[in-house]
Amino acid sequence: MISNGAGAPPARNGTPAPPLLRKAASLGGSYDVAGKVMLLGDSGVGKTCFLIQFKDGAFLSGTFIATVGIDFRNKVVTVDGVKVKLQIWDTAGQERFRSVTHAYYRDAQALLLLYDITSKMSFDNIRAWLTEIHEYAQKDVVIMLLGNKADVSSERVIRTEDGESLAREYGVPFMETSAKTGMNVELAFLAIAKELKQRAVKQPEEPRFQIHDYIESQKKRSSCCAFL
Ligand SMILES: Nc1nc2c(ncn2[C@@H]2O[C@H](COP(=O)(O)OP(=O)(O)OP(=O)(O)O)[C@@H](O)[C@H]2O)c(=O)[nH]1
Ligand SMILES: [Mg+2]
């Protein structure tokens, strides 16, 4: 069994606890595993709304207030009986804050890279974001590509297939999301939590968690686009 974080986790089968798990326990608090997730993508794609939808189940409509610099929220999710504390960093998409956010890439275990399905520019900039990620993030960082604002089908300019093929090219999982309706928002974070949990507490006989397969089997698809 895994400790609730109040003390050192017990050794399983005589093997010491993996580093992520040990670190979480030594920090105290009621969780078993901790990990840092960063939200990335152009200004206005919906990163802050995506985080608020996950954290509070609410949608920030009305005037768009661009994030200044960087901010974070914590949320603990339970996956397969293990409590995973996600420290979610919400970055500013505006170019002038780029040097501030670069400094945070190195510490992140997972990156959620968003574009807006109603903005071609935000989609075209994904390649540049991936170049930055490869430059500044850890080699084994988990990356997920998300096409946000899937609720606005009337203004869609990026087809689902375009997102899928870009994700395939870079070997990253993909889905369309909506910070407004909540579509696939929780799933994105749960998939990350499952991956982090597996990395921290995987038993030798346990099959490796396949994030691509998990997302493909769980994701909801937006019903639209037949006309595109
Ligand atoms: N319809 C719809 N609108 C959204 C969605 N997500 C965000 N928005 C709207 O898009 C605008 C920008 O959202 P933010 O979450 O502030 O964008 P951001 O990516 O955090 O932008 P920066 O902080 O500048 O990087 C706001 O007006 C939101 O209400 C969505 O899924 N659907
Ligand atoms: Mg923001």
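Preceding this paragraph is the structure being described.
What you see is a predicted model, and the numbers here were worked out from it, not measured in a lab.

Engineer: Give me helix H3 (residues 98-105): which residues, what numbers.
Structural biologist: Of all the positions in H3, only Arg98, Thr101, His102 and Tyr105 are classed as buried. Seen from one end, H3 has its buried residues packed into an arc of 115°, which puts them on one side. Looking at H3, the residues exposed on the side facing more than 90 degrees away from the buried face are Ser99 and Ala103. On its buried face, H3 is in contact with strand S1 (33-40), strand S2 (70-79), strand S3 (82-91) and helix H5 (126-136).

Engineer: Before we move on, can you summarise the packing of H5 against helix H6 (residues 160-170) with the specific residues and values?
Structural biologist: Following both chains from N to C, one finds H5 and H6 inclined at 25°, their axes separated by 12 Å at the closest point. Between H5 and H6, the angle falls in the class roughly parallel. Along this stretch, H5 crosses H6, giving a crossing that reads as right-handed. The segment H5 lies against H6, with Ile126, Arg127 and Leu130 engaging Leu166, Glu169 and Tyr170. Residue composition of the contact of H5 with H6, by class: four nonpolar, no polar and two charged.

Engineer: Requested: an account of the site of ligand 1, with residues and values cited.
Structural biologist: Surveying the vicinity of ligand 1 reveals 24 residues, the closest of which are Ser43, Lys47, Thr67, Gly93 and Asp151. Here an oxygen atom of ligand 1 sits 2.6 Å away from a polar atom, N or O, in the side chain of Ser43. At a separation of 2.9 Å, an oxygen atom of ligand 1 approaches a polar side-chain atom of Thr48. Surface burial for ligand 1 is 90%, taken as the share of its 660 Å² of free accessible area covered by protein chains. Looking at the shell around ligand 1, the element that brings in the most residues is helix H2 (residues 47-56), giving three residues. Per-class residue counts for the shell around ligand 1 are nine nonpolar, ten polar and five charged.

Basis of the calculations
Residues numbered from 1 in each chain as written. Chains lettered and ligands numbered in written order. Predicted model: local features only at pLDDT ≥ 70, side-chain atom pairs only at ≥ 80, totals over all residues. Heavy atoms only, no water. Buried < 20%, exposed > 50% of the residue type's maximum accessible area, 1.4 Å probe, protein only. Helix = DSSP H or I, 4+ residues; strand = E, 2+ residues; numbered from the N terminus. Arc of directions from axis to C-beta. Contact = heavy atoms within 4.5 Å. Axes fitted to C-alpha atoms, helices over the stretch in contact; angles between N-to-C directions. Parallel < 35°, antiparallel > 145°, perpendicular 65-115°, else oblique. Left-handed = near helix turned anticlockwise from the far one by under 90°. Nonpolar A, V, L, I, M, F, W, Y, C, P; charged D, E, K, R; others polar. Near = heavy atom within 4 Å. Polar contact = N/O pair within 3.5 Å; in protein donor to acceptor, adjacent residues only side chain to side chain. Areas by Shrake-Rupley, 256 points an atom, 1.4 Å probe, with all protein chains shown as cover.

Any functional reading would require information that these geometric values do not contain.
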